[in-house]
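What follows is the residue order along each chain.
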Amino acid sequence: MARSGLEVQKAAIKALFLREIKTRFGKYRLGYLWAALEPMAHMLIMLAIFGYIMHRTMPDISFPVFLINGIIPFFVFSNITNRSIGAIEANQGLFNYRPVKPIDTILARAILETVIYAVVYVLLMAIVGLLGEEFEVTKLITLFMVWVLLVLFSCGIGLIFMVVGKTYPETEKFLPILIKPLYFISCIMFSLHNIPKEYWPYLLWNPIVHVVELSREAVVPGYISEGVSLNYLAGCTLVVLFIGLALYRNREEAMLTS
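Criteria and cut-off values
- All residue numbers refer to position in the chain's written sequence, counted from 1.
- Only residues with pLDDT of at least 70 are given local features in this predicted model, and only at 80 or more are side-chain atom pairs given and counted; all residues enter the totals for whole chains, interfaces and linings.
- Side-chain descriptors were evaluated using all non-hydrogen atoms of the structure, hydrogens and water having been removed beforehand.
- Only DSSP runs of H or I with at least four residues qualify as helices, and only runs of E with at least two residues qualify as strands; both kinds are numbered from the N terminus onward.
- Pairs of residues are marked as contacts when any of their non-hydrogen atoms sit within 4.5 Å.
- Between Lys or Arg on one side and Asp or Glu on the other, a salt bridge is scored when a side-chain nitrogen of the former is within 4 Å of a carboxyl oxygen of the latter.
- Each residue is assigned to one of three classes by its accessible area relative to the maximum for its type, calculated with a 1.4 Å probe on protein chains only: buried under 20%, partly exposed between the two thresholds, exposed over 50%.
- We call Phe, Tyr and Trp rings a pair once their centres come within 6.5 Å, taking the six-membered ring for Trp, and we label the pair stacked below 30 degrees between planes, edge-to-face above 60, and tilted otherwise.
- Consider the ring centre and the ring normal. A charge sits over the ring if Lys NZ or Arg CZ is within 6 Å of that centre and within 35 degrees of that normal.
- Take the buried Ala, Val, Leu, Ile, Met, Phe, Trp, Tyr and Cys residues and link them wherever side-chain atoms come within 4.5 Å; each set so joined is a nonpolar core.

### Overview of the environment of Val 164
Among the secondary structure elements, Val 164 is positioned in helix α6 (residues 140-167). For the pair Val 164 and Leu 247, spaced 83 residues apart in sequence, the C-alpha to C-alpha distance is 8.7 Å. Excluding residues within four positions of it along the chain, Val 164 makes contact with Thr 171 and Leu 175.

### Describing the pattern of salt bridges
The tally for this structure, following the rule as stated, stands at 5 salt bridges. Across the pair Arg 109 and Glu 20 runs a salt bridge whose closest N-O atoms are separated by 2.9 Å. Linking Arg 109 in helix α5 (residues 102-130) with Glu 20 in helix α1 (residues 5-25), this pair joins segments that are 89 residues apart in sequence. Judged by its relative accessible area of 12%, Arg 109 is buried. Judged by its relative accessible area of 7%, Glu 20 falls in the buried class. With its nearest N and O atoms 3.6 Å apart, the salt bridge here joins Lys 139 to Glu 217. On the criterion of sequence distance, the pair formed by Lys 139 in the loop between α5 and α6 and Glu 217 in helix α9 (residues 207-219) is long-range, its members being 78 residues apart. Residue classification places Lys 139 among the partly exposed positions, given a relative accessible area of 34%.

### Regarding the packing of aromatic side chains
Two descriptors summarise a pair of aromatic rings, namely the distance from one centre to the other and the angle between the planes of the rings. A full pass over the atoms with the stated rule returns 8 aromatic pairs. A centroid spacing of 6.3 Å and a plane angle of 55° characterise the contact between Phe 74 and Phe 77, whose relative ring orientation is tilted. Of this pair, Phe 74 and Phe 77 both sit in helix α3 (residues 63-85), 3 residues apart, which is roughly one turn of that helix. Since its relative accessible area comes to 2%, Phe 77 is described here as buried. Cluster of aromatic residues (ring-pair linked, three or more members): Phe 74, Phe 77, Phe 153, Tyr 183 and Phe 184. Directly above the aromatic system of Phe 66 lies the positively charged group of Arg 216, at a separation of 3.5 Å from the ring centroid.

### Points about the nonpolar core
Among the nonpolar cores identified, the biggest contains 79 residues, and Ile 68, Ile 72, Phe 74, Phe 77, Tyr 121, Leu 192 and Val 219 are the most heavily contacted of them. Broken down by element, this core gets its largest block of residues, 14 residues, from α6. Setting aside anything within four residues of it in sequence, one finds Leu 192 in contact with Cys 187, Trp 200, Leu 203, Leu 204, Val 209, Glu 213, Glu 226 and Val 228.

In structure tokens form, the structure reads like this:
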């Protein structure tokens, strides 16, 4: 029986997903543990540098929990967008098969990054819980929605980066640089309430700030995420996805033949 277009795409994404796993982890002796080492090492360094200071400035909040809910969402966003830039070149030979499309490579990579960091997130939260740090997932649905919107937003940015990078190859080195400054203005190491309110309108243009602060509110009872909005995050996600899909639809054939 002939398969529907959706079934063909699901099969292509599954095959690309399995290929990504083998490519990224198959050659390492520690295998999947490498996926957890980067965020764990990063968090330990930040705890060593800022732990004492942040415990003094935020005595009612577990700083490890605070930090995990900033670093992990940012890594999801950063990895999905950065890996989207080289998705076509990494899978160029597979496009000879008609069912495989460039957008499938982004979806496969986004799914892999989401699975990896969801597992790492749960693992790190469990570890800090066992170590006595206090948290309580009081808004599980909000946390789930924030993660879904984060992944979709990242895919939209990834599509834009992929199309721009393929159309103008000289920008492939430049585009990842745009992501790095966001680390310092996305409330990763500080709370929005540590910033004077007159600067909030500038920071709140950044959707990642909304992701981070809403994530913290979902797992830290009493944490107030004033100023951020799930509706704003959803709106930004829809706009970015629309732009990304429009650019992709317009340039798909050109990307495959160039």
